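Residue-level structure breakdown
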Amino acid sequence: MGPPAFVLAALLVHCVFLASLFDIYFSSPLVHGMAPQRVPLPAPARRLVLFVADGLRADALFGLDGSGAPRAPFLRSILENNGSWGISHTRVPTESRPGHVALIAGFYEDVSAVAKGWKENPVQFDSVFNESKYTWSWGSPDILPMFAKGASGDHVYTFCYTAESEDFGAQDAAKLDSWVFDHVKDFFTSSRNNQTLYSALTEEKVVLFLHLLGIDTNGHAHRPNSREYKENIKKVDEGVKEIASMLENFYGNDGKTAFILTSDHGMTDWGSHGAGHPSETLTPLIAWGAGVNYPQRVASQFFEDSFLQEWKLENFKRLDVNQADIAPLMASLIGVPFPLNSVGTLPLDYLNSSAHFKAESMFTNAVQILEQFKVKMTQKKETTLSFLFTPFKPLSDSEQINFLKKTRLYIQQEKYDEAVSLCKTVINLALEGLSYYHTYDRLFLGLSIAMGFVGWTAYVILVIVKTHTNLAKAAPRHGKESTILLYVFAFVGTIITFFLLIQTCPWTYYIYCLLPVPVWYAVVKEFHVIQNLAANLSLLPVGQSVGFLFVCALGIEILVFSFFYRFALTIGLLVFAVWPVITQLWVQAKKTALTWILLCALLAIFPLMPVVGREPNIPLVITAGLLTLLISCSSLASLCKSKNKYVIKEDLKVHLCQMLSIALSTYVVSSTHSSLQSKQGLPVFNQIISWATLVASSVLPLLSPTLLFQRLLSVLLSLMAIYLLLSTGYEALFPLVLSGLMFVWINMEQEALQHYGLSLKPKLAVFSFSCPTDISQFRQLHLDDVRRSFFFVFFIVTAFFGTGNIASVNSFDPASVYCFLTVFSPFMMGGLLVLKVVIPFVLVSCAFEAVQVTTQLSSKSLFLIVLVISDVMALHFFFLVKDYGSWLDIGTSISHYVLVMSLTIFMMLMNGLAQLLTTKRLQLSRKTKHHST
């Protein structure tokens, strides 16, 4: 397999490995074809008002201010005198769309929706709005349309402000909530002159939905502990009070309106959400009005947290729910069918109704979830061979019939408590059964992927041994043996295909199950290489072999450990620092070794720092800009002093342009921050400069000379100009320290070459990336190259986790993109965040490219070792993926696998990008060049 074919195969294989996880763990849980279930008794409320205060934390609403007064006086009085309250526990990812889907549709959404920016519906779903007679909603254009699109007929109406209104740099984001309150008031005022609308509003089974985005926007822009965030809570409290009063008057105080106030997710202290921190997953829930219980006073109650004491609510019964439980509560209050895909359990303690109504509601809830279980079971039964199908035994057909009869009998005999207890048991069993059938093929698919993984890693090792070492000699191929082997594997592939075909499996299953066949065929075909390798290894001392394997395993374990605990990177960097001391490098080049130790120690500080985004520190960003300018000035001075014949006027112009972009970026960051602090928005000039810098910086490195250090410095200056614009604190210094270490690493590897008596060591000062490579000078791999490859993987992981952790990706700080835009745009903001994450990768990849070419290795040989290391890590995380425990544990384990697989694919792409950035040069001037003879 030639190099291009191998790279293509590697990309395809890794894309399959990555996609498999989404099929195994992220497939949609929804099923269709269930019959709607409604409570057969009159509902307590004719209409429901749902307030969702986006981004509102439970402690921010229930907590008291510095003087001991409530932040939301009206809602506090409701909680103490009129309604019930508790904490709604959300699931990861704590984003707006999944939170609203859980609230209104009652299920935890398929994560594939993230690919559409949480806007479009990846699958159609039922909701309380869809089941209502009419729903009117006001608020964000990001949330409201998805419930209208998913509704049958034309009975869900939306009123949205423009997307441009969601501006993080606006003077006051609370105006978004004022817009909603004002439009609701105007709507009801105008309905008095519109008989058709008035009649519709006075119908039963009506829902009014007020989506309040101001708190979330202010939280992102100013942090939840800011005055703006807290003031916004007061404005929401006042607005809710006015709307509640207006509605009571409009309906003549008929006592048939139910109110619910909650939030889709919370927010961290540093103004982000998406992960599983308690500040993100604990949201408030207050319900009052028709059908809702009055406050229940208690002498004492126990919860593991200490919130009740902090909030001075020890004597008011706290009724916690899961976020999906709110949908069946709303459906029960207004008497609409429970959403078909709801997995929520009706929180009976919130209902102020008869025991008969509660029992009937719980029975309806149980039947509705049981219907999903039956459809899921039927689907799985139809796609599995009868002798292989293993049913979920606790809920057999006879058990289901028995449950229905027994519960109905209890209700007829007025044994309501027994009926409710039985329903709760069946709901739990049905949810277990749904999970059982949803994950039915997980083990089978997981084993297929694991076999493919192990086979691929073995194949890459064999390619390294065969083409880049002297460990295995070429052996003559026997045509007959190869043909027999091909037939054997073709037969195995046919058997697997037939097995999948008769089970009518999805097409993706064919890819996952058949992938190991060609991979293992390629491994077994190289059996003579395996024999030669085993023979050579048997000649080595056992202690040396075991020691080498132990060090390799320890290194990979430290890398894996660093995904969970960032301080592992600090330990690794400190170990790297002593590398020159324990080898002869300290004696050979003391100055270079000392610089290496110092920079390793400096870089080791970053993983110990708090995650980027917690507190903005613009002076540090400005300091990083000034330091970059100082470095570029000193390099310019040294270039001019050297009177290097390679330095020409055009090159100096490029260097000066890059210095100018650094200076402008530093100014723009400072100016934008000042402007936003004074609530004057993002200056248009700053925005133009930011986007222009982004475009120009992608071209400028290609105009600079291809001399090793000049090109690498040019890449650093261009990327630093962009990175400064995307920085909010200490992370602006990170690329500088990382690049410094990369420059020294290149020099250190040159010194390390002398251990192996290589006399062809190139002079780095005049080495050019664009020089034609002499293939005859390429050397074979030796053990020290494993260390070089490990260094690269370690630096790549450090580039990612050095200033953050997994939460820094799925819950980023919007403040980092404010120089480019302040109006909410998930794809644009996400793209800029990815660019910020990529920049350190590019710096490390370019340095690695320099290490490969200056140590006389082909660009593929070291990279193959990198591929093995990263694949072993990925296999590690594949086996660490969880489908049990807390949603945070599950999400984190999946994120780690996705991350390391993405890095593997990404490193292949980075390898190509690094070659482009280091070897290619654009010639703008077309002057005739005269060569002296």
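So, here is what we can say about the structure in this document. Fair warning: this is a prediction, and the values are worked out from it, not measured in the lab.

Thresholds applied
Residues numbered from 1 in each chain as written. Predicted model: local features only at pLDDT ≥ 70, side-chain atom pairs only at ≥ 80, totals over all residues. Heavy atoms only, no water. Helix = DSSP H or I, 4+ residues; strand = E, 2+ residues; numbered from the N terminus. Buried < 20%, exposed > 50% of the residue type's maximum accessible area, 1.4 Å probe, protein only. Contact = heavy atoms within 4.5 Å. Areas by Shrake-Rupley, 256 points an atom, 1.4 Å probe, with all protein chains shown as cover. Salt bridge = Lys/Arg side-chain N within 4 Å of Asp/Glu carboxyl O. Core = buried A, V, L, I, M, F, W, Y, C linked by side-chain atoms within 4.5 Å. Patch = residues over 30% accessible without salt bridge, like charges linked within 9 Å, V, L, I, M, F, W, Y side chains within 5 Å.

Turning next to the overall build of the protein. Within the protein, the regular secondary structure consists of 36 helices and eight strands. Counting over 933 residues, the protein shows a buried share of 55%. Of the contacts made within the protein by residues no fewer than 6 positions apart, 79% connect residues no fewer than 24 positions apart. Carbon and sulfur atoms make up 63% of the accessible area of the protein, which totals about 39800 Å².

Evaluated as defined, the whole model comprises 20 salt bridges. Arg 408 is paired through a salt bridge with Glu 360; the nearest N and O atoms lie 3.0 Å apart. Placement of the pair is Arg 408 in helix α15 (residues 397-412) and Glu 360 in helix α14 (residues 355-382), with a sequence separation of 48 residues. Overall, the relative accessible area of 29% leaves Arg 408 in the partly exposed class. The buried category is assigned to Glu 360, whose relative accessible area is 5%.

What follows deals with the nonpolar core. By size, the foremost hydrophobic cluster in this structure holds 150 residues, and its most contacted members are Trp 456, Trp 596, Trp 745 and Phe 795. Not counting the four nearest positions on each side in its chain, Trp 745 is found in contact with Trp 596, Arg 788, Phe 791, Phe 792, Phe 795, Ala 847, Phe 848 and Val 851. Counting residues in hydrophobic clusters, the runner-up holds 69 residues, among them Leu 30, Leu 103, Met 146 and Met 330.

Here we take up a nonpolar patch on the surface. Together, Phe 561, Phe 564, Tyr 565, Phe 567, Ile 571, Val 575, Val 578, Val 581, Ile 582, Leu 608 and Leu 880 make up a nonpolar patch on the protein surface, roughly 1100 Å² of accessible area in all. Where the nonpolar patch is concerned, the elements lending two or more residues are α22 (542-564), α23 (567-577) and α24 (579-582). For Tyr 565, the location among the structural elements is in the loop between α22 and α23.

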